[in-house]
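Architecture and fold: a report
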Amino acid sequence: MTRTLCLLGHPVAHSISPRFQQAALDALGIDAKYEAWDTAPEDLPATIERIRSGDVIGCNVTVPHKVAAMRLVDRPDAMVERVGALNTIINRGGLLHATNTDVAGITGALREAGIEAGGKDVVLLGAGGAARAVVVAMRTAGAKRITIANRTEAKAHALAEVGGPDLDMRYAPLDAADPTFRRAVSEAQIVIQSTSMGMLHGPDETGTPVPTELFSPGQVAFDLVYVPEETPFLRAAAAGGATTVGGLMMLIHQGAEAFRLWLGQEPPIDVMVKAARQALAERG
Ligand code: NAP
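Presented here is an overview of the structure given in this document.

Thoughts on unusual backbone geometry
Here the residue pair His-10 and Pro-11 is connected by a cis peptide bond, since its omega of 5° sits within 30 degrees of zero. Even without a glycine there, the phi angle at His-201 is positive, about 65°. Following the sequence through the fold, His-201 ends up in the loop between strand E10 (190–193) and strand E11 (220–223). For His-201, a relative accessible area of 67% translates into the label exposed.

Re the pattern of salt bridges
Tallied over the entire structure, the rule returns 14 salt bridges. A salt bridge links Glu-161 to Arg-132, with the shortest nitrogen-to-oxygen separation between them at 3.9 Å. With a gap of 29 residues between them, Glu-161 in helix H7 (residues 160–163) and Arg-132 in helix H5 (residues 129–141) connect regions that are remote in the sequence. Taking the relative accessible area as the measure of exposure, Arg-132 reaches 21% and is therefore partly exposed.

Description of the environment of Glu-205
Tracing the backbone shows Glu-205 in the loop between E10 and E11. Residue class for Glu-205 comes out partly exposed when judged on its relative accessible area of 37%. Separated by 149 residues in the primary sequence, Glu-205 and Val-56 have C-alpha atoms spaced 37 Å apart. Not counting residues within four places of it along the chain, the set of residues in contact with Glu-205 comprises Gly-198, Met-199, Leu-200 and Pro-232. There is a polar contact of 3.3 Å between the side chain of Glu-205 and the backbone nitrogen of His-201.

Quick word on helix H9 (residues 232–239)
Three or more residues of H9 are buried, namely Pro-232, Phe-233, Leu-234, Ala-236 and Ala-237. Those residues of H9 that are buried are in contact with strand E7 (121–125), E10, E11 and strand E12 (243–245). Note on H9: the residue one or two positions beyond its end, Gly-241, has a positive phi of about 95°.

Looking at the environment of Ala-36
Its place among the elements puts Ala-36 in strand E2 (residues 32–38). Between the C-alpha atom of Ala-36 and that of Ala-237, which follows or precedes it by 201 residues, the distance is 34 Å. When neighbours within four sequence positions are excluded, Ala-36 is seen to be in contact with Leu-7, Val-12 and Pro-18.

Focus on helix H2 (residues 44–51)
Looking at H2, one finds that the buried residues are Leu-44, Thr-47, Ile-48 and Ile-51. Relative to the axis of H2, the buried residues are bounded by an arc of 100° and lie together on one face.

A closer look at the nonpolar core
In terms of nonpolar packing, the biggest core is built from 61 residues, with Ile-106, Met-138, Ile-192, Phe-222 and Trp-262 touching the most fellow members. Looking at this core, the element that brings in the most residues is helix H10 (residues 247–263), giving ten residues. Contacts of Ile-192, omitting those with residues within four sequence positions, involve Val-122, Val-123, Leu-124, Leu-125, Val-134, Met-138, Phe-222 and Leu-224. Judged by nonpolar contacts, the second largest core, of 18 residues, contains Phe-181, Ala-188, Ala-236 and Ala-242.

Procedures and definitions
Residues numbered from 1 in each chain as written. Predicted model: local features only at pLDDT ≥ 70, side-chain atom pairs only at ≥ 80, totals over all residues. Heavy atoms only, no water. Helix = DSSP H or I, 4+ residues; strand = E, 2+ residues; numbered from the N terminus. Buried < 20%, exposed > 50% of the residue type's maximum accessible area, 1.4 Å probe, protein only. Salt bridge = Lys/Arg side-chain N within 4 Å of Asp/Glu carboxyl O. Contact = heavy atoms within 4.5 Å. Polar contact = N/O pair within 3.5 Å; in protein donor to acceptor, adjacent residues only side chain to side chain. Arc of directions from axis to C-beta. Core = buried A, V, L, I, M, F, W, Y, C linked by side-chain atoms within 4.5 Å.

If you want it as structure tokens, here you go:
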């Protein structure tokens, strides 16, 4: 019997997860299809019930369902509680287990680029859903300090409890002209960009929260945005001599972790990356 994996979101047509997950399934000869299930918020409870059926192995969950789905599963794990959202559901005999693999995605992308966050001074741009996973990843890695720069100050402060008592957390306005921001960025060893700036068709497609002159060699710039792969933030960082890490590797590694949990097999990362890049290129 061909089994099913799916992505729940609204909309989902733009997502490249079906392409790279299917490529990994095919490469390993697993008889399963990965489908995009466009699910309006009012249909979420019924759709999640459908995942309990025997042929569905599990699913990825994306915007806008990552928080709402938490109360519809049976066994959300500690990572769901810590991040405050889920992105993966695993059907174990009709019982729905859930986790959040975004932290594994962040850790995997940094590891693959040979970057160690332990003991480092980090600046995090943005304080939305993805930023929460960054704070958990930095706390787990043992980062020394994290300065959160966000347009809306209250959202940055709300992340304090995610960091816990051992992580030195500070705030700076998200403003390239502000002295606190400029000092925090230029002194940081790792700068992580988690706002929607620079995202194709996003609120500020051509914008970068950090100009080139604040970067220097020896710094790492990691952008969670992956469309386009080379974002304005990463271009500014590279021009300033920083090492750059793109968001596509985070997307692949969060998907790879979900794949391991669903199937108990190691997915071929290179196959996933190739399929993801091809899907992005076809989208133009
Ligand atoms: P979100 O919860 O909506 O948060 C958006 C963040 O961007 C907030 O901090 C918001 O600031 C800020 N922002 C939006 N427009 C802005 C602008 N014009 N100027 C300055 N700040 C602005 O979104 P999210 O889920 O955290 O996702 C953020 C980005 O990360 C998206 O581009 C998403 O594609 C990417 N992402 C990538 C991965 C991956 O696997 N690579 C995973 C998750 C997310 P305010 O708080 O002031 O509104």
